[in-house]
Amino acid sequence: MSARLIVEELRSDPGDRGYSGMDDRAVVAELTRSDITRSRELVAGSEVIEAIDDAELATLQRNARGAVSDLLNLYAETPIYVGQATRDMLDGHFPPGTQTHAALHALYVETISRAHEIGIQGRVRVGWVTDARRVLREEPLRAAAQAAGERFHGEPSGAACEFGDGPGLSHSIPERLGTHLCWGHIQELTQETGKRALTRAALDPDPTAQATSVTPDDLLNEVLAEMRSR
Amino acid sequence: MANEVLVKEGTHIGLGVSGSFSPADAGTQWVSSIGVVLTLSALADGAGRQSDKMDLGATRARRYALLAAVDFTGETPTSGEILHYYWLPSTSTTQGTGNVAGNSGADAAAPGGALGSITLAEFALQGIFIGSFVNHDGAVVQNGPVGVFEPPTRYGQLLVINDSGDALEADDVENHHALIPIVDEVQ
């Protein structure tokens, strides 16, 4: 549900990152930039082992060395919760100024991206941002359509319907027709096209030949031309 | 003696943009013509596209195979990433009627015209998963099988989600898909 997480991120922009002024690719770059430093509560036991300097460990008194070894033996394969008590205990053994102290404290923080912070693991895709922005753009339109008692069928193109005012909002479907139609006229067009397609299929002696779209481009354009001539 | 039920191929259904479709390499061309509109030009990484609603026929095959040909020329897809495919069944010949999530039934950026504040990922979950096409990192036309599925109704749409790591080529000269009816036949 990464797209839903991005919807909420873009809606409120809690970090004032200025998403509204960015294109989709820039938003992806912003979301995936590692620029947030946060405290870690869990570190791998193996990370702590790596952080401890052998020579410094050897200087500890037997009891302290035993305590550290016990801790690491216990958690070598599992994450260690490094709450304040654990940190204080380790600081007691490896005080400021030691290599181990510096290495351990480097473990207690991590730098992550905003995407990671809000729960998106792995890649952030441009299409997710595009999709999230569509959802946000459509929200007021959905509300307006609902208030007007209409169904909402996607965001309008902003251009006027070629056949004048009709029910629903105007949509751009340039790949299909190169024009703008309101939903009512889209319905009219496709219904007429559907009837024609059925007629054509009925006349076709090969039943498998009708296994194509009910609205191929040429048929749509044919009906569109007929609607224009009325 | 019992009769055998063997299979044969029905008429291939090509999905793409008929006005643009003109593959340069026959090696990646699944079909000779396009019957159902599915515009994939410049489909962004993470974006989805729904096809026009299609009619599989009053009598149809039980199963269909889906074959993909996607064009990454000039693009940089990531090896091991995926394009996902879903079937969106419909009960009506009318384009805007009886569609998954109330979508428009038209070739459009998905989810096109769907009801409610639905994201692409949520829209996909409401469809029937057909399969995935795992791409390599070549900036070429890549083609192969996606899967076999059983459409529950006569009408439906194809949903393509591009999670390949980059956008598709910005034209539909090579991008296309083929639905192959697998017809059961009593011998």
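Relevant structure appears above.
The structure displayed is predicted, hence computed values, not measured ones. Each chain carries its own residue numbering, running from 1 in the written order of its sequence. As they are written, the chains are lettered A onward and the ligands numbered 1 onward, keeping that order. Where totals are concerned, whole chains, interfaces and linings use all residues; where local detail is concerned, this predicted model gives features only for residues with pLDDT of at least 70, and gives and counts side-chain atom pairs only at 80 or more. The basis for the side-chain values is all heavy atoms of the structure; hydrogens and waters are excluded.

**Student:** Can you lay out the overall build of chain B for me, pointing to particular residues and giving the numbers?
**Tutor:** Assigned secondary structure in chain B consists of 1 helix and 12 strands. Helix and strand definitions here come from DSSP, where helices need a minimum of 4 consecutive H or I residues and strands a minimum of 2 consecutive E residues; each element is numbered from the N-terminal end. Reading chain B from its N terminus to its C terminus gives the helix and strand order β-β-β-β-β-β-β-β-α-β-β-β-β. A radius of gyration in this sense is built from C-alpha atoms; the matching globule rule multiplies 2.2 Å by the number of residues raised to 0.38. Over its C-alpha trace chain B gives a radius of gyration of 16 Å, about what one expects of a compact globule, namely 16 Å for 187 residues. Each principal axis of the C-alpha distribution contributes one length, and for chain B these read about 55 × 40 × 30 Å. Type-normalised accessible area, obtained with a 1.4 Å probe on protein chains alone, sets the label of each residue: buried when under 20%, exposed when over 50%, and partly exposed for intermediate values. In chain B, which comprises 187 residues, the share counted as buried stands at 63%. It only takes one pair of heavy atoms within 4.5 Å for two residues to be counted as in contact. For chain B, contacts bridging at least 24 residues in sequence account for 80% of all contacts bridging at least 6. With the model as given, the accessible surface of chain B reaches about 6800 Å², and the carbon-plus-sulfur share is 53%. Computed with the Shrake-Rupley method and a 1.4 Å probe, the accessible areas treat only the protein chains shown as cover for residues.

**Student:** Tell me what's going on with the overall build of chain A, and back it up with residues and numbers.
**Tutor:** Counting its regular elements, chain A contains 11 helices and 6 strands. Relative to its 230 residues, chain A shows a buried fraction of 42%. Long-range pairs, those at least 24 residues apart, make up 60% of the contacts in chain A with a sequence separation of at least 6. Summed over all atoms, the accessible surface of chain A reaches about 12300 Å², with 53% contributed by carbon and sulfur.

**Student:** For the environment of Ala26(A), give the residues involved together with the corresponding values.
**Tutor:** Residue and element names in this part refer to chain A. Checked against the element boundaries, Ala26 lands in helix H2 (residues 24-32). A residue is classified by how much of its surface remains accessible, and Ala26, at 30% relative accessible area, is partly exposed. For the pair Ala26 and Gly66, spaced 40 residues apart in sequence, the C-alpha separation works out to 52 Å.

**Student:** Which residues make up the side chain of Asp107(B), and what values do they have?
**Tutor:** Residues and elements named next belong to chain B. Summarising the element assignment, Asp107 is placed in the loop between strand E7 (82-90) and strand E8 (108-109). Taking relative accessible area as the criterion, Asp107 reaches 2% and is therefore assigned buried. Separated by 2.6 Å, the side chains of Asp107 and Thr39 make a polar contact. Within the structure, Asp107 has its side chain in polar contact with the side chain of Arg49 (distance 3.2 Å). Each polar contact in these results corresponds to two N or O atoms within 3.5 Å; when the atoms are within protein, one needs to be able to donate a hydrogen and the other to accept it, and residues that are neighboring in sequence are counted only if both atoms are side-chain atoms.

**Student:** Before we move on, can you summarise the pattern of salt bridges with the specific residues and values?
**Tutor:** Salt bridge, as used here: a side-chain nitrogen of Lys or Arg that lies within 4 Å of a carboxyl oxygen of Asp or Glu. Applying the stated criterion across every chain yields a total of 22 salt bridges over all chains. Glu81(B) is paired through a salt bridge with Arg125(A); the nearest N and O atoms lie 3.3 Å apart. Of the two residues, Glu81(B) sits in the loop between strand E6 (63-71) and E7 while Arg125(A) sits in the loop between helix H8 (114-117) and helix H9 (126-147), which places them in two different chains. The exposure class of Glu81(B) is buried, given its relative accessible area of 17%. In this structure Arg125(A) comes out as buried when scored by relative accessible area, which is 7%. Within this structure, Arg123(A), Arg125(A), Asp45(B), Glu81(B) and Asp163(B) form a network of salt bridges that share partners.

**Student:** A description of the packing of aromatic side chains should follow, citing residues and the corresponding values.
**Tutor:** Pairing of aromatic rings covers Phe, Tyr and Trp, the last counted by its six-membered ring, and requires centre-to-centre distances within 6.5 Å; plane angles under 30 degrees mean stacked, over 60 mean edge-to-face, and any other angle means tilted. If you walk through the whole model with that rule in mind, you get 3 aromatic pairs over all chains. Throughout this description, the term charge over a ring refers to an Arg CZ or Lys NZ atom that lies within 6 Å of the ring centre and within 35 degrees of the ring normal. For the cation-ring pair, Arg87(A) lies above Tyr108(A), with the distance from its terminal atom to the ring centre recorded as 4.2 Å.

**Student:** Let's hear about helix H1 (residues 2-12) of chain A: which residues, and what values?
**Tutor:** Of the residues making up H1(A), those classed as buried are Ser2(A), Ala3(A), Ile6(A), Val7(A), Glu9(A) and Leu10(A). Phi turns positive one or two residues past the end of H1(A), at Asp13(A), with a value near 40°.

**Student:** With reference to specific residues and values, describe the environment of Asp25(B).
**Tutor:** Residues and elements named next belong to chain B. Turning to its location among the elements, Asp25 is positioned in the loop between strand E2 (13-16) and strand E3 (36-37). Sequence-wise, Asp25 and Glu174 are 149 residues apart; in three dimensions their C-alpha atoms are separated by 8.7 Å. At 2.7 Å, the side chain of Asp25 and the backbone nitrogen of Gly27 are in polar contact.

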